[in-house]
Amino acid sequence: MEKPANYIKRAKDLEVYKRAYAISLDVHKATLAFPKIEQYALADQLRRSSKGICANLAEGFAKQTHSRPEFARFISMAMGSCSEAET
């Protein structure tokens, strides 16, 4: 079976991934200016949650061919990481 010309082969080509990655870089840069007392708590948590969005999107994308429920689970976790960073 032939795949359409616009078939996306990797997570990095998804628009949502591109946006999440750009935001993750912005979050990382912004947290470098946080006060020293926040560098090991709030800043670290923001960095991890923003990077978790990309990581979960990528892992879910890779698992979509094997299991739709797994794909949905990782998309849900990406949304959770997004909410965590937003909070």
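Residues numbered from 1 in each chain as written. Predicted model: local features only at pLDDT ≥ 70, side-chain atom pairs only at ≥ 80, totals over all residues. Heavy atoms only, no water.

A. Examining the environment of Lys 63 more closely. Among the structural elements, Lys 63 can be located in helix 2 (residues 42-63). Excluding residues within four positions of it along the chain, Lys 63 makes contact with Glu 70 and Phe 74. (Helix = DSSP H or I, 4+ residues; strand = E, 2+ residues; numbered from the N terminus. Contact = heavy atoms within 4.5 Å.)

B. Helix 1 (residues 15-31), seen in detail. Between the first and last C-alpha of helix 1 there are 24 Å, a value that for 17 residues agrees with the 24 Å anticipated at 1.5 Å per step. For helix 1, the complete set of buried residues consists of Tyr 17, Ala 20, Ser 24, Val 27 and Thr 31. Taken down its axis, helix 1 places every buried residue within 85 degrees of arc, on the same side. Projecting away from the buried face of helix 1 at angles above 90 degrees are the exposed residues Arg 19 and Lys 29. Along its buried surface, helix 1 packs onto helix 2. (Expected span 1.5 Å × (residues − 1). Buried < 20%, exposed > 50% of the residue type's maximum accessible area, 1.4 Å probe, protein only. Arc of directions from axis to C-beta.)

C. Region of interest: the pattern of salt bridges. Summed over all chains, the structure comprises 6 salt bridges. Taking the shortest distance from any N to any O, the salt bridge between Asp 13 and Arg 10 comes out at 3.3 Å. Classification of Asp 13 by relative accessible area gives partly exposed; the value is 32%. Here Arg 10 falls in the partly exposed class, since its relative accessible area comes to 47%. One salt bridge in this structure joins Arg 19 and Glu 15, with 3.2 Å as the shortest N-O distance. Taken together, the positions of Arg 19 and Glu 15, both in helix 1 and 4 residues apart, correspond to about one turn of that helix. (Salt bridge = Lys/Arg side-chain N within 4 Å of Asp/Glu carboxyl O.)

Functional significance is not addressed by these values, which are geometric in nature.
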